[in-house]
Amino acid sequence: FLTKALYDAKKVHFDEPFMRLVHQGMITKDGAKMSKSKGNVVSPDTFVEQYGSDVFRMYLMFMGPFTDGGDWNDRGITGIVRFVERMWNLMLTPHAEKDSDELLHQLHLAIEKLTSDIETFHFNTAIATLMELLNLAGKDGISLKSKKILAQIIAPLAPHLAEEIWEKLGHRHSIFAEKWPE
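Structural notes, computed from the coordinates. (Residues numbered from 1 in each chain as written. Predicted model: local features only at pLDDT ≥ 70, side-chain atom pairs only at ≥ 80, totals over all residues. Heavy atoms only, no water.)

The next point concerns the environment of F176. Turning to its location among the elements, F176 is positioned in the segment after α8 (159-168). Apart from residues lying up to four places away in sequence, F176 is in contact with A155, P156, P159 and E163. (Helix = DSSP H or I, 4+ residues; strand = E, 2+ residues; numbered from the N terminus. Contact = heavy atoms within 4.5 Å.)

In C-alpha cells, the structure reads:
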C-alpha cells in the first residue's frame, strides 16, 4: 500500500515494493507441521539463549533448500555450533605469512559461489562451501587478508559473528560498510 501511494504521489519511481517474492519452506517436527495443538512447536528462544542467534539462523538455513524447509532435529544444530566455534578459533590464530595456492583458488571460488548462492537463496550450499573452505584454511593456515575476506563472505549468514571477527581483526567500523569481495 505504501509503495503504491508513494508511486501515485510521484515520490518513488517504482510501483511494486519487490522485484520478486520468494516464500520460505515449512519447518516440520518429526514429519508433521508444527502447531501448538499438536504440542510439537520448537521455541527458538531456548536455542538462541543457548547457542546465539547466528547459530540458530545458520541451522535453519542449512537444513535444506530455503523454499523447501525441512524437518527440525534438536541434535542437528550441534554441527553448526562446531562450525562457528572452528571459524572463531581460526580467526584468533596467528595469521599465516602467505596463503597456499590451493587456499587462494578455493577462496576465489567461494566468493563466486556465495555471491550466486545468496542471491538465489541457496543458503544451505553457501554454508557448505564455507565449511569446505574452513577445513582447508584450518589445515593450511590463512593470511590476515584472507581472514578478512572470509569474515565478509560469512557476514550475510552470521552477521553477529562476522562483526565480532571484524573487530578482532582490527576494524572499528561495521563489516557491512565494506564492499563485497570480488
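Right, let's get into the packing of aromatic side chains. Taken as a whole and assessed by the stated rule, the structure comprises eight aromatic pairs. An angle of 80° between the planes, with centres 4.8 Å apart, marks the rings of Y59 and W72 as edge-to-face. Residue Y59 is found in helix α3 (residues 53-62), and its partner W72 is found in strand β3 (residues 70-72); the two are separated by 13 residues along the sequence. A single burial state applies to Y59 and to W72, both of which are buried. Seen from their ring centres, F66 and F123 are 5.5 Å apart, and the 90° between their planes marks the pair as edge-to-face. (Phe/Tyr/Trp six-rings, centres within 6.5 Å; stacked < 30°, edge-to-face > 60°. Buried < 20%, exposed > 50% of the residue type's maximum accessible area, 1.4 Å probe, protein only.)

Below, the discussion takes up the pattern of salt bridges. Counting across every chain of the model gives four salt bridges. E16 is the partner of K4 in a salt bridge, and the nearest nitrogen-oxygen pair spans 2.9 Å. Of the two residues, K4 is situated in helix α1 (residues 2-8) and E16 in the loop between α1 and β1 (27-29); the sequence distance between them amounts to 12 residues. D74 is paired through a salt bridge with K29; the nearest N and O atoms lie 3.7 Å apart. Of the two residues, D74 sits in the loop between β3 and α4 (77-92) while K29 sits in strand β1, which places them 45 residues apart along the sequence. Here D74 falls in the partly exposed class, since its relative accessible area comes to 38%. (Salt bridge = Lys/Arg side-chain N within 4 Å of Asp/Glu carboxyl O.)

Moving on: the nonpolar core. Core analysis: the largest hydrophobic core is formed by 45 residues, its most contacted members being M58, F83, M87, L150, I153, I154 and L157. Of all the secondary-structure elements, those providing two or more residues to this core are α3, α4, α5 (101-119), α6 (123-140), α7 (144-154) and α8. For this core, the leading source of residues is α6, giving nine residues. The residues contacting M58, other than those within four sequence positions of it, are I80, F83, V84, I127, I154, L157 and A158. (Core = buried A, V, L, I, M, F, W, Y, C linked by side-chain atoms within 4.5 Å.)

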